[in-house]
Amino acid sequence: MSKTKSTTICIVRRDGKTVIAGDGQVTLGSSVMKASARKIRKLYEGKVVVGFAGSAADGLALMERLEEKLNKYRGNLLRAAVELAKDWRTDKFLRRLEAVMVAADKEIMLLISGNGDVIEPDEPVLAIGSGGDYARSAALALYRNTDLSARQIVEEAMKIAGEICIYTNSNITIEEL
């Protein structure tokens, strides 16, 4: 089978609101296999939003592990993310997972990867996945040059990414904190 390509996830914080959006497209080779996948979730009693890009099973497994860490560290997202990244890098099973995640609560926004990365951006804008660079570029431009809300920025950035990236569609799911 061909390598799976999918997903654009974009997250923005502005004026006390954190908004995450994910498109619904899953592509296998040159075919769209599904147009309405859900790749974002709320975790830890709705206090953390998470999105993943990559293999669906791997992304969901990582979300479950992050939620376990959030429970263990009483909602401390940074600590939970660092512990997940350490496990992801060293655990024989987790090392094979092919996904990347973004996670945010009201105070912090992080990119988490299997390379051991836990990155907080300089500006409150992150995007991952096939169309992540397009969405991030659009979101940064809107964040820096407009007074649009976090939701409006995410919606417009995802629309732009969907117009450019063939692996991104317009079936957008949005969650807000």
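Above this text you will find the structure in question.
Residues numbered from 1 in each chain as written. Predicted model: local features only at pLDDT ≥ 70, side-chain atom pairs only at ≥ 80, totals over all residues. Heavy atoms only, no water.

Colleague: Please clarify how the pattern of salt bridges should be interpreted in this entry.
Modeller: Proximity of charged atoms lets side chains of opposite charge pair with each other. Taken as a whole and assessed by the stated rule, the structure comprises 11 salt bridges. A salt bridge links Arg-38 to Glu-175; the nearest nitrogen and oxygen atoms lie 2.4 Å apart. Of the two residues, Arg-38 is situated in the loop between β5 (31–34) and β6 (40–43) and Glu-175 in strand β12 (residues 173–176); the sequence distance between them amounts to 137 residues. Given a relative accessible area of 38%, Arg-38 falls into the partly exposed group. Between Arg-144 and Glu-123 there is a salt bridge, with its nearest N and O atoms 2.5 Å apart. Of the two residues, Arg-144 is situated in helix α3 (residues 132–145) and Glu-123 in the loop between β10 (118–119) and β11 (125–129); the sequence distance between them amounts to 21 residues. Arg-144 gets classed as exposed once you look at its relative accessible area, which sits at 54%. (Salt bridge = Lys/Arg side-chain N within 4 Å of Asp/Glu carboxyl O. Helix = DSSP H or I, 4+ residues; strand = E, 2+ residues; numbered from the N terminus. Buried < 20%, exposed > 50% of the residue type's maximum accessible area, 1.4 Å probe, protein only.)

Colleague: Explanation requested: the nonpolar core in the structure shown.
Modeller: Soluble globular proteins tend to pack their nonpolar side chains together in the buried interior. Core analysis: the biggest nonpolar cluster contains 23 residues, and Val-50, Leu-66, Leu-70, Met-101 and Ile-112 have the highest contact counts within it. Ranked by residue count, the leading element in this core is helix α2 (residues 77–90), at six residues. Among all residues touching Leu-66, those that are not within four sequence positions of it are Leu-43, Val-50, Ala-80, Ala-81, Leu-84, Met-101 and Ala-103. The next biggest cluster of nonpolar side chains, apart from the first, holds 17 residues, and it includes Ala-21, Ala-139, Ala-150 and Met-158. (Core = buried A, V, L, I, M, F, W, Y, C linked by side-chain atoms within 4.5 Å. Contact = heavy atoms within 4.5 Å.)

Colleague: I keep staring at helix α4 (residues 150–164) and nothing clicks. Help me out?
Modeller: Helical geometry: 3.6 residues make up each α-helical turn, so side chains three or four residues apart lie on a common side. For α4, spanning 15 residues, the distance from its first C-alpha to its last is 21 Å, which sits close to the expected 21 Å at 1.5 Å a residue. Every buried residue belonging to α4 is among Ala-150, Ile-153, Val-154, Ala-157, Met-158 and Ala-161, and all of these are buried. Along the axis of α4, the buried residues cluster in a sector spanning 125°; they form a single face. Each element contacted by the buried residues of α4 is listed here: β2 (8–14), β3 (17–22) and α3. (Expected span 1.5 Å × (residues − 1). Arc of directions from axis to C-beta.)

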